[in-house]
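Single-letter residue listing:
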Amino acid sequence: IDVIAMNANDIVCVGAEPIALVDCLSLEIEDEELLVAIAKGLAEGAKQASISIPGGETAIIPEMLRGPAKGTAFDLVGSCVGLVPKNRILSGMEITPNDALIGFASSGIHSNGFTLARRVFKEAGWSLNEKISEFGRTLGEELLQPTQMYVDLAMALLEECTPHALFHLTGGGFGNLTRLGENIGYHIDSLPTPNPVFELISKLGNITPKEMYTTFNMGVGFCAVVPEKQITQTQEIGERLGITAYQLGKTTDSKERLIRLETSSLSISI
């Protein structure tokens, strides 16, 4: 599911509708149980993204893959194709100062920041099988919650509103907002409470807020820049699809392309 979500959630950001994905699965050994499990996950991801998987490749290459235990290593990649009319490509050129920035909830850590997360939990001596009361499940189960699929959300926004930009918050966290627009910055003055997993990582690893917000999605996995008059409509679309929406702030005319996060308990620049 993560493989498909990381592809499909990215491709909608240019205004394209994802239509198909092909995958390549490489394994250390031929493992029928693992193959079946991965196939089921890909099928579920394709269903969530409303795409097909018309083909793929599987290879057994023990001389190239090594896992933490013999026979466990595998490498799964995907490539997604989408369609968008040339005159409807989202390039960020439509962003203007005082546009509204709307964020949409993540399902957790998604597919980014695992190097830091693993280091923090390893140094703290935490086991992946440890049941965490705040999560209602084990640490491993929390970290492996599938990435939220935002395809239906993006398609609805493109059909019912006029978004000036869409952003998938992946590696780099809120720094992804600087990808589009000329002389555009962001003033964020309202942030949701981060998922418990982020608060735990920050506390155990003594990680600064700036590093947290430039590594993880911090509870906001997708953002839309829309005209101010479409704030309510944009939020209602998210709520209708079961994805909590937050009014985070607005765009500015910063020539330094800065992101300022300023709340009662946080003040950082990215």
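Just above sits the structure.
Quantities reported herein were computed from a predicted structural model and do not represent experimental measurements.

Things to note about the pairing of strand β2 (residues 52–60)
The pairing of strand β1 (residues 17–27) with β2 spans 7 bridges and is classified as parallel. Directly across from Leu25, in β2, lies its bridge partner Thr58. Between the parallel pair β1 and β2, the chain is carried across by helix α2 (residues 32–49), and the sense of this crossover is right-handed.

So, the environment of Met155
By secondary structure assignment, the location of Met155 is in helix α5 (residues 151–160). Each C-alpha atom of the pair Met155 and Gly15 lies 8.1 Å from the other, and the pair is 140 residues apart in sequence.

Structural notes on the sheet that holds β1
Strands sit in the order β2-β1-β3 across an open sheet of 3 strands; the sheet is mixed. Taken across any chain shown, the strands that pair with only one partner, and hence form the sheet edges, are β2 and β3 (74–83). Taking each pair of neighbouring strands and ignoring which way they run, the sheet shows an average axis angle of 15°. Here 10 bridges tie β1 to β3, and the two strands are oriented antiparallel to one another. The residue of β3 that forms the bridge with Asp23 is Gly78.

Notes on helix α3 (residues 114–123)
Every α-helix carries 3.6 residues per turn, so stepping three or four residues along brings you back to the same face. When α3 is considered as a whole, its buried residues turn out to be Leu116, Ala117, Val120 and Phe121. The buried side chains of α3 occupy one side of the element, clustering within an arc of 120° when seen end-on. Opposite the packed face of α3, turned more than 90 degrees from it, sit the exposed residues Thr115, Arg118, Lys122 and Glu123. Buried positions along α3 lie against α4 (139–143), α6 (196–205) and α7 (209–213). At the exit of α3 stands Gly125, carrying a positive phi of roughly 75°.

Remarks on unusual backbone geometry
One non-glycine residue, Ser50, lies in the positive phi region at around 55°. Of note, Ser50 is situated in the loop between α2 and β2. In this model, Asn206 sits at a positive phi of 50°, which is unusual for a non-glycine residue. Within the secondary structure, Asn206 is located in the loop between α6 and α7. Accessibility expressed as a relative area gives 67% for Asn206, which makes it exposed.

Criteria and cut-off values
- Residues numbered from 1 in each chain as written.
- Predicted model: local features only at pLDDT ≥ 70, side-chain atom pairs only at ≥ 80, totals over all residues.
- Heavy atoms only, no water.
- Pairing = 2+ DSSP bridges.
- Helix = DSSP H or I, 4+ residues; strand = E, 2+ residues; numbered from the N terminus.
- Right-handed = clockwise from strand over helix to strand, strands pointing away.
- Axes fitted to C-alpha atoms, helices over the stretch in contact; angles between N-to-C directions.
- Buried < 20%, exposed > 50% of the residue type's maximum accessible area, 1.4 Å probe, protein only.
- Arc of directions from axis to C-beta.
- Contact = heavy atoms within 4.5 Å.

Purely spatial values, then, with no claim about function.
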